[in-house]
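# Geometric and topological summary
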Amino acid sequence: MAHASYISASANRFSHVADTSTENLVAFGSSKFVALWSVDNENDYGVSNALPGHEAVVTCVRFIDDRTILSGDEKGTLLLWKRVDSQWSKVCAIKAHSKPISTITIFRNIVATGASDSVVKLWDIRRKDEGHEDWVRGLDFHQADREQQLVLASGSQDGNIRLWNIKPLASNPSPANPSPEGELADDLLDAFEASLGEVAEGEEGGKQISLKRHVLTTKSAGGTRQYSVTFDALLVGHEAGITSLRWRPNGQSKTIALLSTSTDSSVILWTPSSSLTQIKNGPSLWVNYQRFGDVGGQRLGGFVGGIWGSSGNDLLALGWSGGWRRWKCADSSKGAGSEVWNEVGAISGHSGPVKGLDWSPNGDYLISTGVDQTTRIHGGIPTSEPSAIASWHELSRPQIHGYDLLNVVFIDRLKFASIADEKVIRVFEAPRSFVEVLEHLKVSKFSDEEHARPAGASVPALGLSNKAVGEGTSQALEITELDVARRPFEGELASSTLWPEVEKIFGHGYESITLGISNSRKYIATACKATSAEHAVVRIYDTTSFRPFGQPLVGHTLTVTRIAFSPDDKLVLTVSRDQVAEFTPLAADKSHGRIIWDCAWSPDGSYFVTASRDKTVRVWRKAGEDPKAWAAVQTLKTPEAATSVAVSTTGPQLQTCLAVGLENGNILIYTAPPDIAPEWKHNLTIDSK
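Residues numbered from 1 in each chain as written. Predicted model: local features only at pLDDT ≥ 70, side-chain atom pairs only at ≥ 80, totals over all residues. Heavy atoms only, no water.

The next point concerns the overall build of the chain. Within the chain one finds four helices and 51 strands. Every one of the 689 residues in the chain was classed for burial, and the buried ones make up 49%. Partitioning the intrachain contacts of the chain with sequence separation of at least 6 by distance along the chain shows that 47% fall at a separation of at least 24. (Helix = DSSP H or I, 4+ residues; strand = E, 2+ residues; numbered from the N terminus. Buried < 20%, exposed > 50% of the residue type's maximum accessible area, 1.4 Å probe, protein only. Contact = heavy atoms within 4.5 Å.)

Right, dumping it as structure tokens:
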């Protein structure tokens, strides 16, 4: 049975897309999945599971208890997840709102959901209630124990946080003789909603916050009950809109604290001022005793959400690009004044579809690129237990581009080429900081000559090209301050792990679409978008001089979708939107009924396979002695369109394996004996779920 060894997943760009259980299991939305991350795992394996079930992007996630998760999505659907033993499964789906759900909060057996349909709904066994007329940004309840009053924190786009005290008044068991206050009913609720934004004129023409006590009355068959809601405190400290609020769990810490995140790239912890906590009447005074993030808010989009770890000693915030940052407090039992927080490692991943993958020549690490306009390098870090598998994480973000990135290949283990939705092929070479980090983490080893390179790279203002930074510059000093004894944090990945761009390659008349490299790494081949034979050509470049090698390869009439060199680099296989497979420069064959997405050679070069949208995978072999004669010897039918394919050998008997990726996310594994004409048999399906 197949299982995932490494899941690279980023958080969706929503303020309430993550939550943590008392077991310190973090659940967060990643695309249409609910990803699970065990923060306290001693081997730091990162994301352990991704739960499918939503039909739209996940926007909100909340734990009801350690075995129950509630998640909402952009279609307004709520899903309930249950854990039985170690397996999570979907048990219930509710169409809760007509538009995307933006926030979920839970108090005892009451669930409140807010959405962009301007509706807040309260859910329990019996009822549903509706209220606000505008978008709800963030709400969170707090009650230290049943003897204390309930506090509601609300955050706003104006950058301010308000605290509201809610406490019950004397109840009236019988509605027979209701008091005048009891007759307020729904009109009072409407007045309360309007009063949340109520201000009074100050003596000098300014605005003052209203301290009026609001009374809410609820009615049921058993009588009426009244609650007073009073404004308690205004928290001012963020320079931009609030994105999320979370109260500290009632755990080991003695400090009452409120966590807030903002688009100003900061995370603030608020607590009551110790010198004023004895005041019994009037509003309380709160101070921001810890501030994390980036000074000046230079990170694009800031933080879109934050959560606490189960003990209250972990703080996790997710950024605009989906990456996580995590801070840990060693001891919070002595109060806010003695808390010392330090940033520790978290997880990261692409925030959009991944378009290109390639292993380094020695297989030590993996490079990926995607439409989130980033290139990322992932590597396995050995754990403290010799028998345990490596802990995989992102180790570098060498390219942050202004166009969607479509493919990437390693030229050698310290140099790669990438293409984007532009006419240029860009070549990058690793800086010294990358070499030092991978050596200290024992991911790979490098020679002394490979250490002699620039410290790092930076992107000039309004530029797209990474420039090498010289020794002694401010950028170089920032890079040299990286702690190479640990993997880079999210903030460092986004700013201090860029690779210098060393070459640009031009040639195509339209935007690049695919990229291939020879097995010797001496040649790269590229193709661009094309609607005619004039542009449906493949250009080959020497990787030493980056000049054209020979003439462009012609034959196709529409866009070439994949390029593959034969194992001996004597043949180039190309497939296209014109449904033709070209065996450059020998022959062509049109046997698929629809676009051919991918192709791959066998390890010995005796055959190759093609994958098509027509739901077939074809195996091709030479037909006789004529080198131009190739024929399809076997056709494998797939349940969905085949979009990718790969061939390899495995095991002591060199059994051949064929992997086929499908449009629905499933992967089919076929096996065949190592003979001259293998017959492929379906062996395994790796389900996307």
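So much for the structure itself; the text now carries on.
Quick look at unusual backbone geometry now. One non-glycine residue with positive phi stands out, namely aspartate 44, at about 55°. Secondary-structure assignment places aspartate 44 in the loop between β3 (33-38) and β4 (47-51). One non-glycine residue, serine 118, adopts positive backbone phi at about 65°. As for its position among the elements, serine 118 is in the loop between β10 (110-115) and β11 (120-123). The class of serine 118 is partly exposed, set by a relative accessible area of 29%.

For the rest of this paragraph, the subject is the pattern of salt bridges. Scanning the model with the defined rule gives 26 salt bridges in all. A salt bridge links glutamate 23 to arginine 83, with the shortest nitrogen-to-oxygen separation between them at 3.3 Å. Of this pair, glutamate 23 sits in the loop between β1 (18-20) and β2 (25-30) while arginine 83 sits in strand β7 (residues 77-84), placing them 60 residues apart in sequence. Residues glutamate 501 and arginine 426 are paired through a salt bridge, measuring 3.1 Å at the closest nitrogen-oxygen approach. One end of the pair, glutamate 501, is in strand β36 (residues 501-505); the other, arginine 426, is in strand β33 (residues 425-429), with 75 residues separating them in the sequence. In this pair, the class of glutamate 501 matches that of arginine 426, namely buried. Among the charged side chains, a network of salt bridges with common partners joins Asp372, Arg376, Glu394, Arg397 and Glu490. (Salt bridge = Lys/Arg side-chain N within 4 Å of Asp/Glu carboxyl O.)

A few words now on the side chain of histidine 97. Structurally, histidine 97 can be placed in the loop between β8 (87-95) and β9 (101-107). For histidine 97, a relative accessible area of 2% corresponds to the buried category. A polar contact of 2.8 Å, which involves the side chain of histidine 97, links it to the side chain of threonine 113. (Polar contact = N/O pair within 3.5 Å; in protein donor to acceptor, adjacent residues only side chain to side chain.)

Read from one edge of the open sheet, four strands run β44-β45-β46-β47, paired in antiparallel fashion. Both edges of this open sheet fall to β44 (596-601) and β47 (630-637), since each of them pairs with a single strand only. The mean inter-strand angle of the sheet, taken between neighbouring strand axes irrespective of direction, is 20°. Looking at chain direction, strand β46 (residues 616-622) and β47 are connected through seven bridges and run antiparallel. Among the inter-strand pairings, threonine 616 is bridged to a residue of β47, identified as lysine 637. (Pairing = 2+ DSSP bridges. Axes fitted to C-alpha atoms, helices over the stretch in contact; angles between N-to-C directions.)

A separate point is the confidence of the model for the chain. Chain-level statistics for the chain give a pLDDT mean of 83 and a share of 84% at 70 or above. Low pLDDT (under 50) marks residues 125-134, which in the prediction has 20 contacts with non-local residues, meaning those over four places away or in another chain. Overall, residues 275-282 carries pLDDT values under 50, and its contacts beyond four positions in sequence, including any with other chains, amount to three contacts. (pLDDT = per-residue confidence, 0-100.)

Counted by the stated rule, this structure contains 22 aromatic pairs. With a centroid separation of 6.0 Å and an interplanar angle of 85°, the aromatic rings of tryptophan 359 and tryptophan 392 are classed as edge-to-face. Pair noted here: tryptophan 359 is in strand β27 (residues 354-359) and tryptophan 392 is in strand β30 (residues 391-400), with a separation of 33 residues, a long-range link. By relative accessible area, which is 45% here, tryptophan 359 ends up partly exposed. Positioned above the aromatic ring of phenylalanine 489, the side-chain terminus of arginine 486 is 3.7 Å from the ring centre. (Phe/Tyr/Trp six-rings, centres within 6.5 Å; stacked < 30°, edge-to-face > 60°. Lys NZ or Arg CZ within 6 Å of the ring centre and 35° of its normal.)

Turning our attention to the side chain of glutamate 492. With respect to the helices and strands, glutamate 492 occurs in helix α4 (residues 490-495). Within polar-contact distance, the side chain of glutamate 492 engages the backbone nitrogen of phenylalanine 489 at 2.9 Å. For glutamate 492, the contacting residues outside a window of four places in its chain are Leu482, Arg486 and Thr497.

Our focus in this paragraph is the sheet that holds strand β25 (residues 324-329). Judged by pairing direction, the sheet is antiparallel, and its four strands sit side by side in the order β23-β24-β25-β26 without closing on themselves. If you trace the sheet from one side to the other, it starts and ends with β23 (303-308) and β26 (341-344), each paired once. Between one strand axis and the next, the sheet turns through 25° on average, direction left out of account. Bridge analysis of β23 against strand β24 (residues 314-319) gives five bridges, and the strand direction is antiparallel.

What follows deals with the pairing of strand β45 (residues 607-612). Counting buried positions over the six residues of β45 gives six, a clear majority of the element. Direction of pairing for β44 relative to β45: antiparallel, over a ladder of five bridges. Considered in β45, the bridge of isoleucine 596 is made with serine 612. Two successive antiparallel strands, β44 and β45, enclose a turn made up of five residues, where glycine 605 displays a positive phi of approximately 75°. Count of turn residues in the β45/β46 antiparallel hairpin: three residues, of which lysine 615 carries a positive phi of about 70°.

For the rest of this paragraph, the subject is the nonpolar core. Counting 20 residues, the largest nonpolar core has Tyr365, Leu414, Phe416, Phe434, Leu438, Val443 and Trp499 as its most contacted members. Secondary structure elements with two or more residues in this core: β28 (365-370), β29 (374-381), β31 (405-412) and α2 (432-440). With four residues, the top contributor of residues to this core is α2. Those residues within four positions of leucine 438 in sequence are excluded, and the remaining contacts are Tyr365, Leu395, Val443, Ser444 and Phe446. (Core = buried A, V, L, I, M, F, W, Y, C linked by side-chain atoms within 4.5 Å.)

Turning our eyes to something else, we now look at the environment of serine 156. Take serine 156: it is sitting in the loop between β13 (150-155) and β14 (160-168). Judged by its relative accessible area of 23%, serine 156 falls in the partly exposed class. Serine 156 sits 19 residues away from arginine 137 along the chain, and the two C-alpha atoms are 6.2 Å apart. Ignoring sequence-local partners within four residues, the contact set of serine 156 consists of Gly241 and Ile242.

What follows covers the pairing of β8. Where a strand is regular, its side chains alternate between the two sheet faces. The sheet contact formed by β7 and β8 spans eight bridges and is antiparallel. Bridge assignment links arginine 83 to a residue of β8, and that residue is tryptophan 88. What sits between the antiparallel neighbours β7 and β8 is a turn of two residues, in which aspartate 85 has the positive phi angle 60°.

Turning our eyes to something else, we now look at the environment of alanine 525. Mapped onto the secondary structure, alanine 525 falls in strand β38 (residues 523-528). On a C-alpha basis, the gap between alanine 525 and phenylalanine 565 in space is 9.0 Å, while along the polypeptide they are 40 residues apart. Once residues within four sequence positions are removed from consideration, alanine 525 is found in contact with Thr514, Leu515, Gly516, Val538, Arg539, Ile540, Ile563 and Phe565.

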